[in-house]
Amino acid sequence: MSDKYKADEADFTQLAEIARETLIGRVGIITPDGYPRVVPINFALLDGRIYFHGALSGEKYDVFATNPKVTISIDIPYAALPSYWQSEQYGCKANQFYKSVLVKGRGSLVTEVAEKTASLQALMEKHQPEGRFTKLTPDEPLYKKVIAETGIYRIDPEQITVKTSFGQNMTERLRNKIIDLLEERDSEVDLKTTEEVRKTLVEDFDYTEGKHDE
């Protein structure tokens, strides 16, 4: 990873893991009238940078043209836990397990054809992993028009914050009980969640900050 990035390799590794499983991110910008705006986007991670596409005009385009400070939030919801799994009466025990990452960085517009093409190819590979399309290259006639007429937006990460919630603050006994209940409920997301909860039982891992304890 280039030295110009302030986030460390562990941060990027976790960003990459979450980004692979997530199709939608939410980009935060400050518009000229001073209000924050959150824009849902399809995105791809390529060479440590986040790319998405859009129009070559409009409010988002104008903001990114100024190399602004921006954020992008990405999250994966896991199993929701009803309160009665922990308490027969106290409703505030309801909970939702998740993984999330918040990236702070600099936004810019991509104008160089090779970079635009590579980012569009990365987007296609992520959102159409089965392939069955002609590869995007700068010289491919099929894509010359779309490459010229599509805006490509880039975020260069400067700070990455990863958070996960899988019952780390619960007792081991309660986490084992939740694993049993999730397996009994037996949905696809429940079974994925049990795998993450089990990791908290066997690894000496600080999930809140996303780094191994020293």
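Each remark here, short or long, concerns the structure printed above.
Residues numbered from 1 in each chain as written. Predicted model: local features only at pLDDT ≥ 70, side-chain atom pairs only at ≥ 80, totals over all residues. Heavy atoms only, no water.

Participant: What exactly am I supposed to notice about the sheet that holds strand β4 (residues 49–54) here?
Facilitator: The strands making up a sheet are joined through hydrogen bonds of the backbone, oriented either antiparallel or parallel. With respect to topology, seven strands assemble into an open sheet ordered β2-β1-β5-β6-β7-β4-β3, the strand pairing being antiparallel. One side of each edge strand has no neighbouring strand; the edge strands of this open sheet are β2 (36–42) and β3 (44–46). Ignoring strand direction, the axes of neighbouring strands in this sheet form an average angle of 35°. Bridge count between β3 and β4: three bridges; the pairing is antiparallel. (Pairing = 2+ DSSP bridges. Helix = DSSP H or I, 4+ residues; strand = E, 2+ residues; numbered from the N terminus. Axes fitted to C-alpha atoms, helices over the stretch in contact; angles between N-to-C directions.)

Participant: Any chance you could explain the side chain of R49 here in plain terms?
Facilitator: With respect to the secondary-structure elements, R49 resides in strand β4. Take R49: its relative accessible area is 16%, and that puts it in the buried class. Here the side chain of R49 touches D156 through a polar contact of 2.8 Å, side chain to side chain. (Buried < 20%, exposed > 50% of the residue type's maximum accessible area, 1.4 Å probe, protein only. Polar contact = N/O pair within 3.5 Å; in protein donor to acceptor, adjacent residues only side chain to side chain.)

Participant: Even after reading the chapter, I still don't get the environment of I74, so can you show me in this structure?
Facilitator: Within the secondary structure, I74 sits in strand β5 (residues 69–81). Using a relative accessible area of 0% as the deciding quantity, one classes I74 as buried. Expressed as a C-alpha distance, the spacing of I74 and R26, which sit 48 residues apart in the sequence, is 6.6 Å. Excluding residues within four positions of it along the chain, I74 makes contact with L15, I18, T22, I24, G25, F43, K99, S100 and V101. (Contact = heavy atoms within 4.5 Å.)

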